[in-house]
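Observations on chain architecture
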Amino acid sequence: MIYVYSNRFMFAGTTGLCTWEASLVFSEWLLQNRDIFRHQRVLELGSGLGLAGILVAMCAAPAEISFSDHFPETLQMLKNNVKNNLRCSSRGSLAQQNDESVVAEYAFGERHSSGNTTSVSDVAMNETSFLPLSTTTPSWLSSSSEASPQKIRIFNLDWTEFIRTQHEMLSATFDIIIASDVVYDVDLIPDLVRVFGKLLSCENDNGKQVTAYVSFTVRNTKTTDYFLDFLSRCNILYEEIDLPERRVFFYDTFGTYRLLKLRKSLDYCDDS
């Protein structure tokens, strides 16, 4: 598995520049709880480089996997990582897409039996990646192959412009929402929680309740408290999940991480 970044981020912003550590924590937990995602349609919010969503596709046999972010440079890098790691083939140009928010749509391709070495023009290997790189497929990945996702999509999703028509389309399309290290800025929390609320507020087209899994690093207790308070204010229920013990990925063990399961309550309200 490879991750790439471009020096253009140094001038255009840093969102999506690296794999944040809460994504590694979530990935550890995912490897121990793959059955949750099997045959489910999964949407990742704030994908960044796409580690969590890529692992769902490679290890958990989802029916579909969709990535989302908003910053243009991040979306381009996300597309590169998805195509390189999932061996995707394109399903048509943007002009053929019915939904303007869809940046790209792919068919899942065959994975290499050994480590990916694909080079990308104008892209350099991320030397700060925490991912274990190997010339052979690790056992935790190769032993988990099953049916591959039938559809892989990348969305341009702006939390501040999450219009109702998009909310209705997405709510009817996904079973599980995942997000890693999206709780870091108090100014973004209201919009983030409203996106969660709208995605969780309707039954999907299978008649089942949508659920969400969120991992984040506690950098500032006031920010964390504000996030949890805003969830409660909008009647979104959260359940603490025990952090994983097994260590496949390398990250700061001195950090404080939280992993939550979110679901709507019967009294959910849109605090707009």
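Residues numbered from 1 in each chain as written. Predicted model: local features only at pLDDT ≥ 70, side-chain atom pairs only at ≥ 80, totals over all residues. Heavy atoms only, no water.

Over its 15 residues, helix α4 (residues 72-86) runs 21 Å from end to end, which matches the ideal 21 Å to within 8%, given 1.5 Å per residue. In terms of burial, α4 is a largely internal element, 11 of the 15 residues being buried. Count one or two residues on from α4 and you reach Arg87, which has phi positive near 50 degrees. (Helix = DSSP H or I, 4+ residues; strand = E, 2+ residues; numbered from the N terminus. Expected span 1.5 Å × (residues − 1). Buried < 20%, exposed > 50% of the residue type's maximum accessible area, 1.4 Å probe, protein only.)

Another point: the pairing of strand β8 (residues 176-180). With five of five residues buried, β8 is to be regarded as a mostly interior element. The side-chain alternation of β8 yields two buried faces, one formed by Ile176, Ile178 and Ser180 and the other by Ile177 and Ala179. In this sheet, β8 lies alongside strand β2 (residues 41-45) in parallel orientation, the contact comprising four bridges. Opposite Leu45, over in β8, you have Ala179 as the bridge partner. (Pairing = 2+ DSSP bridges.)

According to the stated counting rule, one finds nine aromatic pairs in the structure shown. Geometrically, the ring pair formed by Trp29 and Phe37 is edge-to-face, given 6.1 Å between the ring centres and 85 degrees between the ring planes. For the pair shown, Trp29 and Phe37 are each scored as buried. Taken together, a centroid distance of 5.7 Å and an interplanar angle of 90 degrees make the contact between Tyr251 and Tyr257 edge-to-face. Grouping residues by exposure puts Tyr251 and Tyr257 together as buried. (Phe/Tyr/Trp six-rings, centres within 6.5 Å; stacked < 30°, edge-to-face > 60°.)

Okay, the confidence of the model for the protein chain next. Summary statistics for the protein chain give a mean pLDDT of 77 and a share of 67% for residues scoring 70 or more. The low-confidence segment residues 6-13 (pLDDT under 50) makes 16 contacts with residues lying over four places distant or belonging to another chain. Overall, residues 92-98 carries pLDDT values under 50, and its contacts beyond four positions in sequence, including any with other chains, amount to seven contacts. (pLDDT = per-residue confidence, 0-100. Contact = heavy atoms within 4.5 Å.)

This brings us to helix α7 (residues 189-200). Across its 12 residues, α7 extends 16 Å between first and last C-alpha, which sits within 8% of the 16 Å expected from 1.5 Å per residue. Taken across its 12 residues, α7 has 11 buried, putting it largely inside the fold. For α7, the full list of buried residues reads Ile189, Pro190, Leu192, Val193, Arg194, Val195, Phe196, Gly197, Lys198, Leu199 and Leu200.

Our next topic: the packing of helix α3 (residues 51-59) against α4. Two elements in contact, α3 and α4, have axes separated by 11 Å at closest approach and are oriented at 20 degrees. What the angle tells us is that α3 and α4 run roughly parallel. Here α3 runs over α4; the crossing is right-handed. When α3 is examined against α4, the residues Ile54, Ala57 and Met58 are found in contact with a partner set consisting of Asn81, Val82, Asn85 and Leu86. Looking at the contact of α3 with α4, its residues break down into five nonpolar, two polar and no charged. (Axes fitted to C-alpha atoms, helices over the stretch in contact; angles between N-to-C directions. Parallel < 35°, antiparallel > 145°, perpendicular 65-115°, else oblique. Left-handed = near helix turned anticlockwise from the far one by under 90°. Nonpolar A, V, L, I, M, F, W, Y, C, P; charged D, E, K, R; others polar.)

Moving on, we get to the pattern of salt bridges. Inspection of every chain in the model, using the stated rule, returns seven salt bridges. Between Arg41 and Asp175 there is a salt bridge, and its shortest N-O distance comes to 3.1 Å. Within this pair, whereas Arg41 is found in strand β2, its partner Asp175 is found in the loop between α6 (164-171) and β8, the two being separated by 134 residues in sequence. As far as the burial class goes, Arg41 and Asp175 line up, both buried. Two residues, Asp191 and Arg194, come together in a salt bridge whose shortest N-O distance is 3.8 Å. Of the two residues, Asp191 and Arg194 both sit in helix α7, three residues apart, roughly one turn of that helix. (Salt bridge = Lys/Arg side-chain N within 4 Å of Asp/Glu carboxyl O.)

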